[in-house]
Amino acid sequence: MDPHKAGTIWVVDHSQHCSDTDVVVWIRHSSAAQCHCRTENNYYFEYTECDSTGSRWRVAIPHRQGSCSGLPEPVRGTDCTFSCEAGEFLEMSSQQCTACAAGSYSLGSGVRFDQWDSIPAGFSSLATYMEPEGSGDESLSCNNSSWTPQGTHLESNRDECTVSLVYAVHLMKQGSVSFDYQYVDNNVFFEFFIQNDQCQEMDQTADQKWIKLTSNGEWGTHTVNLKSGTNILYWRTTGILLGGKPVKPVLLKNIQIEGVAYTSECFPCRPGTFSKTPGSSSCDLCPRNTYSNKGASSCTPCPEAQYSEEGWAECKERPPCSEKDYFQIHTACDSNGKTQVLYRWVEPKVCVEDNVTGAVTLPPSGEKEDCPPCNPGFYTHNSSTCLPCPPGTFSDGITDCQACPAGTEPSLGYEYKWWNILPRNMKTSCFNVGNSKCDDMNGWEVAGDHIRSGIGGSDNDYLILTLRVPGFKLPTSVAGVTASEFGRITFVFETICSADCELYFMMSTNVVESWEGTKSRRAYTHIMTKNASVSYTWAFQRTNKPSDVRRFVNDIVKIYSITVTNALDGSASSCHACALVSQESGSSCVPCPAGHFIDKDTNQCQECPPNTFLSGHHIYGEEACQQCGPGSKSNKEHSVCFSDCSFSHTDQNRTLTYDLSALSSVGSIMNGPSFTSKGTKYYHQFNISLCGPEGRKVAVCTDNVTDLSSKDLQSESAALNNYVETFVCQSTIIPADGRGFRTALSSQSISLADTFLGATVESTLDGVSVRPDLFPETSRKLPDINFFYRKCPAGTCDGCMFYFLWESSSACPICTEADYHSIEGACKGGMQDTLYVWNEPKLCTKGVSLPEKSSAPCEAVPLWLKVGIGGGAFMAVLLISLTCYFWKKNKRLEYKYSRLVMSANKECELPAADSCALAEGEGEENEDDVVYSNTPSLLGKLKAIASKV
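The model shown is predicted, which means the values in this text are computed figures rather than measured ones. (Residues numbered from 1 in each chain as written. Predicted model: local features only at pLDDT ≥ 70, side-chain atom pairs only at ≥ 80, totals over all residues. Heavy atoms only, no water.)

Enquirer: What is the right way to read the packing of aromatic side chains from this model?
Expert: Counted according to the given criterion, the structure contains 38 aromatic pairs. Ring geometry for Phe 802 and Phe 804: centres 6.5 Å apart, planes at 10 degrees, overall stacked. The partly exposed category is assigned to Phe 804, whose relative accessible area is 32%. Each member of the aromatic cluster is reached from another via a ring pair, and the members are Phe 113, Trp 116, Phe 123, Tyr 167, Phe 179, Tyr 181, Tyr 183, Phe 190, Phe 192 and Trp 235. Geometry around Phe 193 places Lys 209 over its ring, the cationic atom sitting 6.0 Å from the centre. Above the face of the Trp 219 ring, Lys 253 is positioned so that its terminal group lies 4.2 Å from the ring centre. (Phe/Tyr/Trp six-rings, centres within 6.5 Å; stacked < 30°, edge-to-face > 60°. Buried < 20%, exposed > 50% of the residue type's maximum accessible area, 1.4 Å probe, protein only. Lys NZ or Arg CZ within 6 Å of the ring centre and 35° of its normal.)

Okay, structure coming up:
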């Protein structure tokens, strides 16, 4: 039977070759009108899917289905894991590896994506946004958010949308994926993860999933291993716009995937690149002033009136020269101590100055003038060169080096304030993300009394200035001190900008501070708390928007001076007093023990008074020992003041003592929620270390955490941990339900308090004031304890003030005997109980305990009652006795009076004036014979007695 006739089913059985039976069923449909496929132009080869044994078949497939018959018969293919070397491809006709032709390249078992004029086939960009329920605002739509191709790289979105770049690849063996990226803004969450064909996320460690931040202008490389089978790759970014400032996008380029089974064709070199020899695994960029088209094996020179940059696909007309195309420099000092201003064209020169309308020419050189003096710590050698002073000497840069006086030592460091040449430990460079125009240019130029940013090749170049410090050396006197400050760098600068320029100050690869737009002349200081070699970098970018047209060339930054203290290889501009072994002449400098200062009179070490601390950068004189704030004490080394979780306060002749040890562990506060302009929910989490650990900063806030409750900093790699350690820190938390994340995310971790000022009940301390009106009033009569902190050196703070209220029963004073009272019970059976209860409301904790109930013997009638009864009885007897006495006395007087009246009636006249009374005892013998007809009452008698007396 002819296998190529219509309706034929061809079954190939090769069970004799395998332990398992393999069957290939090939069904062809043909018509009488079909022609025979005699040449390879009518069909192409492909492999079938691999079977369980790793075998496959090579089959021929017509370019148009049903267009011809007579296709080659299927043949057994190469092993499923077979692949060619880099620079080769699998020629399917012979199933042999063949070298790529010139003008093309191959990775062998991999694919590379390095051309981003458009999003390549197979990639897709998906934008989503987790809108709040009920939100119908179309402005929250993410339809316009996507990864954007920029020629040499991809750029992520700049808004709050979540955008994923997705690519699916099927690997026949284990492989890997690697890519280059720039990720400089921690307001963007950038993650890379992998799913299988069941949409299940593959196991990845945190450092594989969460991409690390890079320095400005630098590219990082991320590599992850892939398993065989289907791998769906996701590059996902999510912007968080807090405060309305746009985020800086993530840049992505050079995606390379290894592990594909074979490459059946080579990739042509993209325009602007070429591969000169067959068998290339990559393409090279065309040099300047040349260009190439797609698949070029060589580059074509540009015409005389045109130019091109490296890697360009076409040439452009040379523009007329302008003031933006040249810059000025100061020549080095000559043998006569003179310098001169010269003008140079920006290299490579692309403009035309001759026979072009509007073109400018290079200005003439300036007059020679005296060179500026040497920098402090240097001296003039041969009238033209500045050399550092020898060890043990100093100079102000004008005079010759002099030996330090006895009892002093040189103050080593760098002090650069004259810029005739670039110091030997500084270098400058230029870098651009998208091109290499400025790779050979100076990023900064010296200008006499300052150093300024250079011209660069594009407005979005990073102009780099780097200062290398090999380490720090503390002065001899403080060499034994547990130092919190090893050195400090201070620089004075200003920026003059008309666009969105930005100056970054970095330490190694970490951004310390940045400034946007025009800034007036100012100083900035950064303190080194670790003794290690470090590179300080200043990076200036005129704008972050790429453009071939120079518009902001006049935007510059000027640095007037840079000072570094205690630099290991520095020179001295002055000397300072040191501690001596004795006051004898010639005595050498010695280090002071920790917590000691140098006495000005004896130049010997003395320990600081209790509860004082050394300022860190000088120990000369007792004033170097600064007093700790209220409620704090110093550690043994007098290096820091801290609260030991105890506090005392005297109020109205009563001393309140507090034990805050229960609050010594780190406390967390989360406020919110808050929402961004597009409705993203976020919180601010604050971690607070109130007291204890002898002043160690134990509050930690971490970026890019995936488990806020169990983050173990010690178990993670140091490179992954972007965290701060301080007294009070803040992190921005995006909950898992806020944007559809699988877990909560943390970012923007900053320190809010790195210096403890003291604890007091007063409302102001060292220029920091509390705001009680921000919190609810309390009816309790106990005072609040205010802990004061500062983030920056005094006089330099210009940021926000943070106020926290921590309510806790542990913040009550310790209980004393004045906080309870006793209650006595009734006397029962000769015994009386006494109970003790707390005063209400109870405003104390811990301290003394309530005494146990006590019992004491007692009597039925209390002593006071007995005394009362006795006194009452005595007074009653006394009153009765007095009543009887006065009653008897009254009787006598009545009798005498009645006799007097009777005698007066007989004579009808009153007695003479000289005598109106009876003689004593007169008539008493008849007293008992008097009879009264009426007996007056007791009350009447008393009244009568009173009136007569």
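Let's pick the thread back up.
Enquirer: When you look at the environment of Trp 538 in this model, what are you seeing that I'm missing?
Expert: One can find Trp 538 in strand β45 (residues 534-541). C-alpha separation for the pair Trp 538 and Met 507, spaced 31 residues apart in sequence, amounts to 9.1 Å. (Helix = DSSP H or I, 4+ residues; strand = E, 2+ residues; numbered from the N terminus.)

Enquirer: So what exactly am I meant to see when it comes to the pairing of β45 here?
Expert: When you tally the buried positions in β45, you get eight out of eight residues, the bulk of the element. Strand direction decides the pairing type here: strand β40 (residues 462-469) and β45, joined by seven bridges, are antiparallel. Its bridge partner lying in β45, Leu 465 is registered against Trp 538. Pairing between strand β42 (residues 502-507) and β45: six bridges, direction antiparallel. Directly across from Met 507, in β45, lies its bridge partner Tyr 536. (Pairing = 2+ DSSP bridges.)

Enquirer: Help me understand the pairing of strand β61 (residues 745-753), please; the structure alone is not making it clear to me.
Expert: If a strand is regular, its side chains alternate between the two faces of the sheet. Most of β61 is tucked away: eight of the nine residues are buried. The sheet contact formed by strand β60 (residues 728-734) and β61 spans six bridges and is antiparallel. Among the inter-strand pairings, Thr 732 is bridged to a residue of β61, identified as Ser 747.

Enquirer: Just to check I follow, could you spell out the state of the cysteines for this structure?
Expert: The bond known as a disulfide is covalent and runs between the sulfur atoms of two cysteines. Using the criterion set out here, one finds 17 disulfides in the structure. In this model, Cys 389 is linked to Cys 401 through a disulfide, with the two sulfur atoms separated by 2.0 Å. Handedness here is read from the sign of the S-S torsion; for Cys 389 and Cys 401, about -80 degrees, the answer is left-handed. Remark: Cys 401 occurs in the loop between β34 (393-394) and β35 (402-403) and Cys 389 occurs in the loop between β33 (385-388) and β34; sequence separation between them is twelve residues. Distance from the sulfur of Cys 812, which forms no disulfide, to the nearest cysteine sulfur (Cys 844) is 7.6 Å. Cys 812 sits in the buried class, given a relative accessible area of 16%. (Disulfide = S-S within 2.5 Å.)

Enquirer: Help me understand a positive patch on the surface, please; the structure alone is not making it clear to me.
Expert: Taken together, the side chains of Lys 888, Lys 889, Arg 892 and Lys 896 make up a positively charged region of the molecular surface. By the element assignment, Lys 888 lies in helix α2 (residues 863-907). Judged by its relative accessible area of 49%, Lys 888 is partly exposed. (Patch = residues over 30% accessible without salt bridge, like charges linked within 9 Å, V, L, I, M, F, W, Y side chains within 5 Å. Areas by Shrake-Rupley, 256 points an atom, 1.4 Å probe, with all protein chains shown as cover. Salt bridge = Lys/Arg side-chain N within 4 Å of Asp/Glu carboxyl O. Lys, Arg positive; Asp, Glu negative; His and termini not counted. Charge placed at Lys NZ, Arg CZ, Asp CG, Glu CD.)

Enquirer: Explain the sheet that holds strand β4 (residues 43-47) to me, please; I cannot follow it from the model alone.
Expert: Sheet strands associate in pairs through backbone hydrogen bonding, adopting either a parallel or an antiparallel arrangement. Sheet architecture is open: three strands sit in the order β4-β5-β7, paired in antiparallel fashion. Among the strands making up the open sheet, the edge pair consists of β4 and β7 (75-76). Taken together, the two bridges between strand β5 (residues 57-62) and β7 define a ladder with antiparallel strand orientation. Its bridge partner being in β7, Trp 57 is matched across the sheet by Arg 76.

Enquirer: Please explain the pattern of salt bridges as it appears in this structure.
Expert: Close approach of charged atoms lets side chains of opposite charge pair. Applying the stated criterion to the full structure yields 15 salt bridges. Glu 353 is paired through a salt bridge with Lys 349; the nearest N and O atoms lie 2.5 Å apart. Residue classification places Glu 353 among the partly exposed residues on the basis of a relative accessible area of 22%. As a salt-bridge pair, Lys 545 and Asp 500 come within 3.3 Å of each other at their nearest N and O atoms. Within this pair, whereas Lys 545 is found in the loop between β45 and β46 (556-565), its partner Asp 500 is found in the loop between β41 (487-496) and β42, the two being separated by 45 residues in sequence. The class of Asp 500 is partly exposed, set by a relative accessible area of 33%. One network of salt bridges, with partners in common, ties together Glu 191, Lys 209 and Arg 236.

Purely geometric numbers; function is a separate question.
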